[in-house]
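# Per-entry structural report
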Amino acid sequence: MTSINGTEFDRTTESLAIPPKTIEDYERDGIVCLRETFDMSWVQELRDLADEMLTAENRHPVQSQDLSKDGDPGRFFNEMFIWQRHDGFKRLVFDSPMAAVAGTVMSAGKVNVLFDQLMIKEPGTSEPTPWHHDLPFWPFQGAKICTLWLALDEVTADSGAVEYIKGSHRWGKRYQPTSFVGDGRYQQKELEPLPDLEAMREDLDIVQFDMAPGDCTLHHGLTLHAAPGNQSTDQRRRAYVTRWGGDEVTYEPRDGTQPMLCDPCLMAGDLVKCDLWPVVWQRAK
């Protein structure tokens, strides 16, 4: 058993008391913000684990990146596929409410964890996160794929709060992935280039959330989003990000997608279910 806002539940099967309007908003907008979803015991544990991962001796040679520009006084740190390598993060993935939140908001019968990620922008980080949507980066297909972005610090526009284009998951588009390190490693010939979204801002429904520690957002795998740098002088922006796949998500490897931690030993078109992407939560029958 675990708890959310003081309510005990079995994280493996129980849906959460998330208002129907939140689920409707997610389906319509492709983005929702849930307040006070994780109590401070989870947040503090993740803060400690995040700071541990910032040390050089814990960094993975492939799955870890420092995305800061030379001379930038801040630091933009990114590390992926952590839970398979670290028991502390594994406990959080399997024992915290994350999977139940993702499954409930997506109206899924079950969810598999796809991977986890730390995204840390320290004060004075000028490097933005460019506009993109997630799914073209990944070797997955399916309607029920989402990202849960859990705030470990106060988040404001000044410290790098993410912007989302509401409804963009329903545009019927898949755009070229943008490499955060500025090269063309994710180019896929069949995808069209991203339009100049900054030039279109006045015509788009863009939302940005101030967040407290323990708040989280959920966004659809095709919701376009971006984030500014952390322009604050003293406010850290640490986030623990988990990616979830629901019903009928399949493995679809292709050139230009993000490398996974290891070979999942699946064939193209197979349902996502293996040791790399295990089922973490399922709805009670």
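Relevant structure appears above.
The following paragraphs examine the structure supplied in this document. These numbers were taken from a predicted model, which means no experiment stands behind them. (Residues numbered from 1 in each chain as written. Predicted model: local features only at pLDDT ≥ 70, side-chain atom pairs only at ≥ 80, totals over all residues. Heavy atoms only, no water.)

Right, let's get into the sheet that holds strand β7 (residues 129-132). Strand order in the open sheet formed by 4 strands is β7-β13-β10-β11, with antiparallel pairing between adjacent strands. Strand pairing shows two members of the sheet lacking a second neighbour, β7 and β11 (206-208), which therefore form its edges. Ignoring strand direction, the axes of neighbouring strands in this sheet form an average angle of 20°. One ladder, built from 2 bridges, connects strand β10 (residues 163-165) with strand β13 (residues 225-227); its direction is antiparallel. Within β13, the residue paired with Y164 across the bridge is H225. (Pairing = 2+ DSSP bridges. Helix = DSSP H or I, 4+ residues; strand = E, 2+ residues; numbered from the N terminus. Axes fitted to C-alpha atoms, helices over the stretch in contact; angles between N-to-C directions.)

Ranked by internal contacts, the top residues of the largest apolar core, which has 42 residues, are F89, L148, L218 and W244. In this structure, F137, V249, L276 and W277 belong to the second largest nonpolar core, which totals 18 residues. (Core = buried A, V, L, I, M, F, W, Y, C linked by side-chain atoms within 4.5 Å. Buried < 20%, exposed > 50% of the residue type's maximum accessible area, 1.4 Å probe, protein only.)

Look at any regular strand and the pattern is simple: side chains alternate between the two faces of the sheet. Counting buried positions along strand β6 (residues 110-121) yields 12 of 12 residues, so the element is predominantly enclosed. Pairing geometry for strand β5 (residues 76-80) and β6, over 5 bridges, is antiparallel. Bridge pairing links M80 to Q117 in β6. Bridging between β6 and strand β16 (residues 279-282) involves 3 bridges; their strand directions are antiparallel. By the bridge assignment, V111 is partnered in β16 with W281. Bridge count between β6 and strand β14 (residues 237-245): 9 bridges; the pairing is antiparallel. From the neighbouring strand, M119 faces β14, where its bridge partner is A239.

Before going further, it helps to spend a moment on the pairing of strand β9 (residues 145-151). Among the 7 residues that make up β9, 7 are buried, leaving the element largely enclosed by the rest of the structure. By the alternation rule, side chains of β9 split into I145, T147, W149 and A151 and C146, L148 and L150, which are all buried. Taken together, the 5 bridges between β9 and strand β12 (residues 216-220) define a ladder with antiparallel strand orientation. Its bridge partner being in β12, L150 is matched across the sheet by C216.

Enumeration according to the criterion identifies 16 salt bridges in this entry. For R236, the salt bridge is made with D51, and the minimal N-O distance between the two is 3.0 Å. Taken together, the residues span a long stretch of sequence, with R236 in the loop between β13 and β14 and D51 in helix α2 (residues 40-53) at a distance of 185 residues. Owing to a relative accessible area of 24%, R236 belongs among the partly exposed residues under this scheme. In this structure, the salt-bridge partner of D205 is K166, at a minimum N-O distance of 3.9 Å. Of this pair, D205 sits in the loop between β10 and β11 while K166 is found in the loop between β10 and β11, placing the two residues 39 residues apart along the sequence. The exposure class assigned to D205 is partly exposed, which follows from its relative accessible area of 44%. Assessed through its relative accessible area of 29%, K166 is described here as partly exposed. (Salt bridge = Lys/Arg side-chain N within 4 Å of Asp/Glu carboxyl O.)

All right, on to the packing of α2 against helix α3 (residues 87-95) then. Two quantities define a packed helix pair, namely the angle between the helix axes and the distance between the axes. Between α2 and α3, the least distance of the axes is 10 Å, while the angle of their chain directions is 145°. Considering only the axes of α2 and α3, their crossing is left-handed. Counted together, W42, E45, L46, L49, A50 and M53 of α2 and G88, F89, R91, L92 and D95 of α3 form the full contact between these two elements. Residues of the contact of α2 with α3, tallied by class, amount to 7 nonpolar, 1 polar and 3 charged. (Left-handed = near helix turned anticlockwise from the far one by under 90°. Contact = heavy atoms within 4.5 Å. Nonpolar A, V, L, I, M, F, W, Y, C, P; charged D, E, K, R; others polar.)

Along the chain, G214 turns up in the loop between β11 and β12. Look at G214 and you get buried, because its relative accessible area is 0%. In sequence terms G214 and W42 are 172 residues apart; their C-alpha atoms lie 8.0 Å from each other. When residues no more than four places from it in sequence are discounted, the contact partners of G214 are E36, T37, F38, V43, L150 and A151.

Within helix α1 (residues 20-29), burial applies to T22, I23, D25, Y26 and D29. Taken down its axis, α1 places every buried residue within 160° of arc, on the same side. Facing away from the buried side of α1, by more than 90 degrees, are the exposed residues P20 and K21. The secondary structure elements touched by the buried residues of α1 are β3 (31-34), α4 (98-105), β9, β10 and β12. G30 sits one or two positions beyond α1 and adopts a positive phi of about 75°. (Arc of directions from axis to C-beta.)

Nothing here speaks to function; it is all geometry.
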